[in-house]
Each structure stands twice: as C-alpha cells, then as structure tokens.
Amino acid sequence: MANHTVSSVTSGKYARQISVAAPGPQGAQGTTGPTGPAGTTGATGPTGPSGVAGPTGPTGATGPAGASGGGVPVGGTTGQILVKSNNSNYATEWVSPENLPQSGQALSGIIEGGSADTF
C-alpha cells in the first residue's frame, strides 16, 4: 500500500471524512545520527598455523678449556712401556720391557692386580 498524506479532515456528529492527497517527492537525506554503543566482544577465533622457522643465529663464543683428561701419566724412564695395571679407567703404569712376559707366558704376577692373560 502506498503512503499518502492527509490533506484535510472533516468530522461531524456521526461521520468523519478524510481527504487523501497523492504523495510528494522524496525529501533530502537527514544527517547521520550518533554512533550507538559498542557491541559485546565476539568469541576468540582458532589459532593460526605456525610461521616458518627463522634463520640460524650466529655461533656463540668459545667456552673455557675443560679439565685435563687421563692422558699419558707422568714418570717412566727411557725404554719403559705404558701398560694397563687393572680394569679401571686410566689405570696404567710404566713397565720395563724385561719385566714383560714372552709369547705364551701368563701375565699374572707381572702386573699387580692384572688377570692371567697370555700373549
């Protein structure tokens, strides 16, 4: 139904007469009203994918020197041979070659605490 403008109204004791005129042209747009209040915050969205790995950083500074290891023990004389004295780590001793067994002889008694291995 079209909008119409009432141009006149006549009323009497029992009747009422209303005259309706044709609508006029649309008026100019009014000014913008004030901004309404902010709405509620929406739910948090899903976590996005991880980014690509960055480049490798520079090499760090050289650390301090470590403690000395077992190495070759001090001592011994020219011609002596360094041999294991028992099964413990770094357990060695200097032995003169004449105190070593010949091929096929047992080692027991030559190196204190050693086993009876043979060459």
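The rules behind these values
- Think of each chain on its own: its residues are numbered from 1, step by step along the sequence as written.
- It should be noted that, the model being predicted, local features are given only for residues of pLDDT at least 70 and side-chain atom pairs only at 80 or more, the latter also being counted only at that level, while totals for whole chains, interfaces and linings use all residues.
- Excluded from the side-chain calculations are hydrogens and water; all other atoms, namely the structure's heavy atoms, are used.
- Counting from the N terminus, the helices are DSSP H or I runs at least four residues long and the strands are E runs at least two residues long.
- Each residue's exposure class comes from its accessible area (1.4 Å probe, protein chains only) as a fraction of the maximum for that residue type: buried when under 20%, exposed when over 50%, partly exposed otherwise.
- Pairs of residues are marked as contacts when any of their non-hydrogen atoms sit within 4.5 Å.
- Two N or O atoms form a polar contact when they lie within 3.5 Å of each other; inside protein one atom must be a possible hydrogen donor and the other a possible acceptor, and for residues adjacent in sequence the pair counts only when both atoms belong to side chains.
- Here pLDDT means the predictor's own confidence in every residue, given as a number from 0 to 100.

Visitor: Could you give an account of the overall build of the protein chain, naming the residues involved and the relevant values?
Guide: The secondary structure content of the protein chain amounts to zero helices and four strands. Taken over 119 residues, the protein chain has a buried fraction of 8%. The long-range fraction of contacts in the protein chain, counting pairs at least 24 apart against all pairs at least 6 apart in sequence, stands at 9%.

Visitor: So, the side chain of Ser96: which residues are in play, and what are the values?
Guide: For Ser96, the position within the fold is in the segment after strand E4 (92-95). Side-chain polar atoms of Ser96 contact the side chain of Gln80, separated by 3.3 Å.

Visitor: Tell me about the environment of Gly76, and name the residues and values.
Guide: Tracing the backbone shows Gly76 in the loop between strand E2 (16-21) and strand E3 (81-84). Looking at Gly76, the relative accessible area reads 39%, which means it is partly exposed. Sequence-wise, Gly76 and Val95 are 19 residues apart; in three dimensions their C-alpha atoms are separated by 7.8 Å.

Visitor: I'd love a proper account of the confidence of the model for the protein chain, names of residues and values included.
Guide: Per-residue confidence for the protein chain gives a mean pLDDT of 78, with 68% of residues at or over 70. Within the protein chain, strand E1 (residues 5-11) has the poorest average pLDDT of any element, 57, and E4 the best, 90. Segment residues 109-119: pLDDT under 50, and 26 contacts once partners within four positions in sequence are set aside and those in other chains are kept.

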